[in-house]
Amino acid sequence: MQRIAVLPGDGIGTEVTAAARTVLDAVTRRHGIELAYDDFDWSCRRYLEHGAMMPDGGLEQLRPYDAILLGAVGWPGVPDHVSLWGLLIPIRRTFRQYVNLRPIRVFEGVGSPLRDAGAVDFVVVRENVEGEYSEIGGRFNRGFPDEMAVQESVFTRAGVSRIADYALTLARGRRSYLTWATKSNGIVHTMPFWDEVLAERAAAFPDVRTDREHIDALAAKLVLQPGRFDVIVASNLFGDILSDLAAAVAGSIGIAPSANLDPTRTFPSMFEPVHGSAPDIAGQGLANPVGAIWSAALMLEHLGHPAAAADVLRAVERSLADPAGRTRDLGGEADTAAAVRAVVGHLSGS
Ligand code: NAI
Ligand code: MG
């Protein structure tokens, strides 16, 4: 029995996690998998009532779970930095979720904004705990003409090696092709170090073909030839930007999934759709549930149930190819419930 902490959060977060639960219930029953769920109401709603997104000792409560399934947090009236720093960032950092994984696919039936996207199926692996997003630095001479700000990037051998190994191992299980993002022509200390460690680790995976690309050129290639990529690994900042760019290439924010992983499995990993709480459509049953459902599939994979995960992804693929399975953001007419029914209807079982 594996235990899942469910944090629906705010807005459509509650609708899409309920949708993901319905699909999980159906697929686990068919594959003979036992999962137990506990719901946590940590959210902006809670913040407005109690003054905190989560209770004292909240992270300790999550610690024993095998995985965390999150909807989205954020609501008008609560500053976004409160919802982010009061819940998401503490979970990612305390639980050492050093991999942020964003699979990208262009599905049949989902129009990419690119005219000739072709077959697109790649994964962005973003370093999630160090790099450019460090808290080291400061402001000096505030309010004077010589006011200044300094922010340090932190790249450690351990941190770069483990993200490289994760990406190389992932590539080996796919099409054995890794692209690494860099900017060693402009950033002359950390990026050459990043390149050196990546090259060192890549040498231990001779079966994986690698390419090194400067981030600016890579951004252009992602738009011009998205079909050529398999696994892309990038530092925290570059990975953040690339993964949103890549999600846009795939057509809709509503289908994009993500995983925040601690591959050592010391701590629970967290699975969440890329989109936010969408206050503009919340409570109307219009949310596209696919981002949350695909995130649940990533969770099944992480929990050691690859056949069930593949079953969900296949069902998503088939339901999107069918106009009756597509929500309004994809030009279809399905509401959330109809989209969920379409996915469940396409599960094959075992
Ligand atoms: P958003 O992703 O919530 O919405 C952007 C646009 O995409 C909206 O028009 C929305 O209706 C649409 N959309 C998003 N998900 C959809 C879905 N599943 N189906 C159909 N349409 C969908 O981003 P926004 O508006 O910038 O942020 C709203 C709130 O969500 C903010 O408070 C923000 O901080 C929070 N947020 C939370 C995230 C998280 O919990 N990881 C991530 C992004 C934003
Ligand atoms: Mg982002």
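- Going by the annotation in an unreviewed UniProt entry, the name recorded for the protein is D-malate dehydrogenase (decarboxylating), with Paractinoplanes rishiriensis given as the source organism.
- The protein has a UniProt comment under Sequence similarities (unreviewed entry) that states "Belongs to the isocitrate and isopropylmalate dehydrogenases family."
- Quoted straight from UniProt, the Catalytic activity (unreviewed entry) entry for the protein says "(R)-malate + NAD(+) = pyruvate + CO2 + NADH".

### A word on unusual backbone geometry
- With phi around 65°, R265 is a residue other than glycine that occupies positive phi space.
- A tally of 10 C-beta atoms within 10 Å means that R265 is categorised as exposed.
- Phi is positive for A278, close to 40°, though the residue is something other than glycine.
- Summarising the element assignment, A278 is placed in the loop between β12 (269-273) and α9 (290-302).
- Among the residues examined, A278 registers 22 C-beta atoms within 10 Å and is labelled buried.

### Considering the site of ligand 1
- Around ligand 1, the structure places 23 residues, and the nearest of them are G74, G254, H275, G276 and N288.
- Of all the secondary structure elements, the ones that give two or more residues to the shell around ligand 1 are α1 (12-31) and α4 (80-94).
- For the shell around ligand 1, the per-class residue count stands at 11 nonpolar, eight polar and four charged.

Parameters at a glance
- Residues numbered from 1 in each chain as written.
- Chains lettered and ligands numbered in written order.
- Predicted model: local features only at pLDDT ≥ 70, side-chain atom pairs only at ≥ 80, totals over all residues.
- UniProt positions renumbered as here; feature names shortened; annotations may be inferred.
- Buried ≥ 20, exposed ≤ 12 C-beta atoms within 10 Å, placed from the backbone.
- Helix = DSSP H or I, 4+ residues; strand = E, 2+ residues; numbered from the N terminus.
- Near = placed C-beta within 6 Å.
- Nonpolar A, V, L, I, M, F, W, Y, C, P; charged D, E, K, R; others polar.

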